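Breakdown of the fold
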Amino acid sequence: MADDITIDYPRAALLPVSRFGLASVASASLAGVLLVSIFGVFAYMSYHEMELDEGTTLYATLDVAGIIALVLSEAGLILGWIALYDRTVRRVQPVLGTALNAFIFTFTLGIIVVGAYLE
């Protein structure tokens, strides 16, 4: 009896991200979260005027945060590339997410390389 009941919903009502694509929304969201967290770490360090001594807990925490930022920005880059090749979505959000994740990846990798070179 319940099998013959069907409700037709428009696709846009079920998936509000269908115009932008789920991959582009995820890419842009990752970029936003990473930007806020990276600038939050820098603001925290500048507010407390911390000196990073080797072997401290904060030094290890920043290493882990940098590695997490690299991994998440690479995931955002991959999702952005997937969204760029999807022809059914709008172009603004995939381009924005890919560009921001590329900037974050390059910036974080640069900080890690410079930090390793200066040690």
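Before reading further, recall that the structure is shown in the block above.
Small disclaimer: the values here were computed from a predicted structure and weren't measured.

**Looking at the nonpolar core**
Generally speaking, a soluble globular protein has its nonpolar side chains buried in company with each other. Among the nonpolar cores identified, the biggest contains five residues, and these are Ala31, Leu34, Ile38, Ala69 and Ile104. It is helix α2 (residues 22-48) that provides the largest number of residues to this core, a total of three residues. When near neighbours in sequence (up to four residues on either side) are disregarded, alanine 31 contacts Gly97, Leu100, Asn101 and Ile104.

**As for the side chain of serine 27**
Looking at the element boundaries, serine 27 is found in helix α2. Apart from residues lying up to four places away in sequence, serine 27 is in contact with Gly76, Leu79, Gly80, Gly97, Thr98 and Asn101.

**Some words on the environment of glycine 32**
Secondary-structure assignment places glycine 32 in helix α2. Placed 68 residues apart in sequence, glycine 32 and leucine 100 show a C-alpha to C-alpha distance of 8.2 Å.

Criteria and cut-off values
- Residue positions are given per chain, counted from 1 along the sequence in the order it is written.
- Residues qualify for local features only when their pLDDT is at least 70, as the model is predicted, and side-chain atom pairs are given and counted only at 80 or more; totals for whole chains, interfaces and linings, by contrast, use all residues.
- Side-chain metrics in this entry use all non-hydrogen atoms of the structure; hydrogen atoms and water are not considered.
- Take the buried residues of types Ala, Val, Leu, Ile, Met, Phe, Trp, Tyr and Cys, join any two whose side-chain atoms come within 4.5 Å, and each joined set is a nonpolar core.
- The classification of residues rests on relative accessible area computed with a 1.4 Å probe and restricted to protein chains. Under 20% of the type maximum is buried, over 50% is exposed, and intermediate values are partly exposed.
- For helices the rule is a DSSP run of H or I covering at least 4 residues; for strands it is a run of E covering at least 2, with both sets numbered from the N terminus onward.
- In what follows, a contact means two residues having at least one pair of non-hydrogen atoms within 4.5 Å.

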